[in-house]
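Here's the letter readout for the chains.
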There are 2 protein chains.
Amino acid sequence: MDLGEFELIGRITEKARDAGRSGADRFEIGSGDDAAVIRSHGRIVTSVDTAVAGVHFGTDRPPAEVARKAVACAVSDIAAMGVGPGATEMLVALGAPAETPDEYLEGLADGIVAAAEEFELDLAGGDVVAAPAVVISVTVIAHLDDETPLVARSGARPGDVVAVTGPVGGAAAGLALLGGLAVPDLSDLARDLLVTCQLRPQPQLTAAPVLAAAGAGAMIDVSDGLTADLGHIARCSGVDIRLDGTQVPIVPGVAEVADALGEAPLPFALSGGEDYVLALAIPPDRFADADTALIAATGFELLAIGSAEAAGRGDGAVVITAEDGGDALAPPGHDHFR
Amino acid sequence: MDLGEFELIGRITEKARDAGRSGADRFEIGSGDDAAVIRSHGRIVTSVDTAVAGVHFGTDRPPAEVARKAVACAVSDIAAMGVGPGATEMLVALGAPAETPDEYLEGLADGIVAAAEEFELDLAGGDVVAAPAVVISVTVIAHLDDETPLVARSGARPGDVVAVTGPVGGAAAGLALLGGLAVPDLSDLARDLLVTCQLRPQPQLTAAPVLAAAGAGAMIDVSDGLTADLGHIARCSGVDIRLDGTQVPIVPGVAEVADALGEAPLPFALSGGEDYVLALAIPPDRFADADTALIAATGFELLAIGSAEAAGRGDGAVVITAEDGGDALAPPGHDHFR
């Protein structure tokens, strides 16, 4: 690489400024000093997420796509709390091997700034270091007033409806296709959709505040796999969750991919991960209004897939009723180390 | 590693809670949810810093020491703005190879939490991923009211006194010693001091708010090397900085190490980096009071080493007057890629 550390930080900062994402209207001191100084509104919501080349993305993927997804995943974590777009900054820690071509680094910078525009983020800082692989760590900080409702994982109660904002399984199926899996029955359209699910996840920034305001009691973004993520809600809330397997929405084409892998579609879709739809528990008397509000805001229905129950099987079990009517304890979700 | 991702996050969260650093008194929702929700005081100061095994620290160093230094370096960035201890959280993104021993991961967790105690940080979140090397990325977020004075890099004015809060060169000399450099003249005490400068930097959290309140116009922490960091102030402020080389305080033992490397002590100390003392520019009529306040708070003097001048040599030059009275343009500072 010919771009040194300072130049790369400077390039990202410059691109962010050109795109109007340098926080000019909100920041007292912006990116480029030792730290940024930003006016707040009473509360912050903050999270960090990391993507590593060869682990979370292929080294052959376009760098702008890779960087956009890293930012999207971090944004999804604050959406899971009920945060919507605006008044949010990001800090990006970037590691790259010294031999990384300048065009790749420029591509990462472009992807970071494009994501800032897409998700309405302002760049508050960054750090560039040498590392054995490309590593992108994104911290997001949203500013909210004291009244905006937010949703933890811990508020599910027995009787709540469990629902999702969209279908699952697509990202895992897309990953299998990118890995070279041959699925002869799959149309080009279905293939493109699944690959897009994997490469361009859509954090639910529009849906999130609508669902928080509509009374969602617990919410999470589906990153580890729907079963695993509902397991987090179940454990944090002290409830069991019973899923009706016949009601779980699955992205078109997932069944064919699962079949090619010798797996059943439902377990494949439930354990896949990286769907980045929202999963939530909401009191039954709030469901209809939440559904109406979600349709008004996004055009999509809120999809009921199960219910929360008093804990009976132990510490926050997720029980899946399959199509044959039998029960099964959930398979474990995704663990980055295993 | 036998510890999975969730267990490691859980262990760090648990250790932070046991140490009273889980933000119980400040956080609405703490570490362990999708994101943390934290009450603010009007403004935040935020920065991110990353350390990579084999680049920033040796793979043979104790993990607790490595993690503490990674946190210390991030804290130093907010100290450079004038931030003192308290009402500050951190998020830690941790990458590690799948084969990392559990004891090493436990050591990282211990170091992170020990640093949280030492620097009064609350753990607001984290992320653990597989990576080809150990990577520790630390974001710090400090909450301040609207009145607390903060100091950018851009406020140096011609006539300002340029000063530092302590001696430089120690960390670079310590690194050379850790690398196996033989320096026969060096006492064990001097060697220990230099190695400690490298391994246990002290972010200036006590000095920082004192200097901001005393009227520092521009401030930076010395991470890239004193000349390079004063260059940042010079460029951001649109001034030149003239250093009196005879007044630059150098850690005892640095001269012997530089000599063993065939270098002169002053250029070695000025370009070394990782000293984490504060360098600042302050109007001359504020210097005496700042010095008095600093001594009262820390026991250490504010050390004048030069002055800011109207820009004459171009875009923010740092001119060093050496002992023989000659001028020299500054050597370039540390660049992580070069």
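Parameters at a glance
Residues numbered from 1 in each chain as written. Chains lettered and ligands numbered in written order. Predicted model: local features only at pLDDT ≥ 70, side-chain atom pairs only at ≥ 80, totals over all residues. Helix = DSSP H or I, 4+ residues; strand = E, 2+ residues; numbered from the N terminus. Rg over C-alpha atoms; globule rule 2.2 N^0.38 Å. Buried ≥ 20, exposed ≤ 12 C-beta atoms within 10 Å, placed from the backbone. Contact = placed C-beta atoms within 7 Å. Pairing = 2+ DSSP bridges. Expected span 1.5 Å × (residues − 1). Arc of directions from axis to C-beta. Nonpolar A, V, L, I, M, F, W, Y, C, P; charged D, E, K, R; others polar. Domains from an automatic or database assignment. Least-squares fit on C-alpha atoms with pLDDT ≥ 70 in both. Axes fitted to C-alpha atoms, helices over the stretch in contact; angles between N-to-C directions.

### Focus: the overall build of chain A
Stage number 1. Looking only at helices and strands, chain A features 10 helices and 13 strands.
Stage number 2. Computed over C-alpha atoms, the radius of gyration of chain A comes to 20 Å, within 12% of the 20 Å expected from 2.2 N^0.38 for 338 residues, which places it in the range of a compact globule.
Stage number 3. Counting the 338 residues in chain A, one finds 58% classified as buried.
Stage number 4. Sequence-distant contacts, at least 24 apart, represent 85% of the contacts inside chain A between residues at least 6 apart.

### Quick look at the pairing of strand β9 (residues 239-244) of chain B
Residue and element names in this part refer to chain B.
Stage number 1. Most of β9 is tucked away, with five of its six residues classed as buried.
Stage number 2. Where β9 and strand β11 (residues 303-310) come together, five bridges link them in antiparallel fashion. Looking at the pairing, isoleucine 241 lines up with alanine 308 of β11.
Stage number 3. Inspection of the sheet shows β9 paired to strand β12 (residues 318-321) by four bridges, in the parallel sense. Bridge pairing links leucine 243 to isoleucine 320 in β12.

### Examining the pairing of strand β8 (residues 218-221) of chain A
Residues and elements named next belong to chain A.
Stage number 1. Burial along β8 is two-sided: the face carrying Ala218 and Ile220 and the face carrying Met219 and Asp221 are both buried.
Stage number 2. Sheet analysis places β8 next to strand β10 (residues 278-282), joined by four bridges and oriented antiparallel. What sits directly across from aspartate 221, in β10, is leucine 278.

### Some words on helix α5 (residues 188-199) of chain B
Residue and element names in this part refer to chain B.
Stage number 1. When the terminal C-alpha atoms of α5 are compared, their 16 Å separation across 12 residues agrees well with the 16 Å that a helix rising 1.5 Å per residue should span.
Stage number 2. Looking at α5, one finds that the buried residues are Ala190, Leu194, Cys197 and Gln198. With its buried residues spanning 100° around the axis, α5 presents them on a single face. Residues of α5 that are exposed and angled more than 90 degrees away from the buried face: Asp188 and Leu189.
Stage number 3. For α5, the elements touching its buried residues are α4 (170-178) and α8 (254-260).

### Description of the interface of chain A and chain B
Stage number 1. Each partner contributes residues to the interface: chain A has 56 residues there, and chain B has 56 residues.
Stage number 2. Ranked by residue count, the leading element in the side of chain A that touches chain B is strand β3 (residues 43-52) of chain A, at nine residues.
Stage number 3. Residue composition of the side of chain A that touches chain B, grouped by class: 31 nonpolar, 12 polar and 13 charged.
Stage number 4. Pairing of β3(A) with strand β2 (residues 36-39) of chain B, which is carried by four bridges, proceeds in the antiparallel orientation. Considered in β2(B), the bridge of Arg43(A) is made with Arg39(B).

### A short note on the domain arrangement of chain A
Residues and elements named next belong to chain A.
Stage number 1. Domains assigned within chain A are domain 1 (5-144) and domain 2 (161-329).
Stage number 2. Put simply, the middle of domain 1 and the middle of domain 2, counted by C-alpha atoms, are 27 Å apart.
Stage number 3. Taken together, the contact pairs 14 residues of domain 1 with 17 residues of domain 2.
Stage number 4. The residue makeup of the side of domain 1 that touches domain 2, split by class, is eight nonpolar, three polar and three charged.

### Side note on the relation of the copies chain A and chain B
Stage number 1. If you rotate chain A by 180° and push it 0.0 Å along the axis, it lands on chain B with an RMSD of 0.0 Å. Overall, the copies show the geometry of a two-fold rotation axis.
Stage number 2. Mapped onto chain B, 100% of the interface residues of chain A are again interface residues, and the two copies thus contact each other with one and the same surface.

### Let's talk about the sheet that holds strand β4 (residues 88-96) of chain B
Stage number 1. Taken in spatial order, the six strands line up as β1(A)-β2(A)-β3(B)-β6(B)-β4(B)-β5(B) in an open sheet, and their pairing is mixed. The sheet terminates laterally at β1 (27-29) of chain A together with β5 (121-130) of chain B, the two strands that pair on one side only. Between one strand and the next, the sheet's axes are offset by a mean angle of 20°, whatever the strand orientation.
Stage number 2. Here two bridges tie β1(A) to strand β2 (residues 36-39) of chain A, and the two strands are oriented antiparallel to one another. The residue bridging Phe27(A) from the neighbouring strand is Ile38(A), located in β2(A).
Stage number 3. Packing against the sheet, helix α2 (residues 63-79) of chain B makes contact with β3 (43-52), β4 and β6 (135-144) of chain B, and its axis sits at approximately 145° to β3(B).

### Let's talk about the sheet that holds strand β4 (residues 88-96) of chain A
Stage number 1. Here six strands make up an open sheet; going across it, the order is β5(A)-β4(A)-β6(A)-β3(A)-β2(B)-β1(B) and the pairing mixed. At either margin of the open sheet sits one strand with a lone partner, and together these are β5 (121-130) of chain A together with β1 (27-29) of chain B. Shown here is a sheet whose adjacent strand axes are inclined to one another by a mean of 20°, direction ignored.
Stage number 2. The sheet contact formed by β3(A) and strand β6 (residues 135-144) of chain A spans 10 bridges and is antiparallel. Across the sheet, Thr46(A) pairs through a bridge with Ile141(A), a residue of β6(A).

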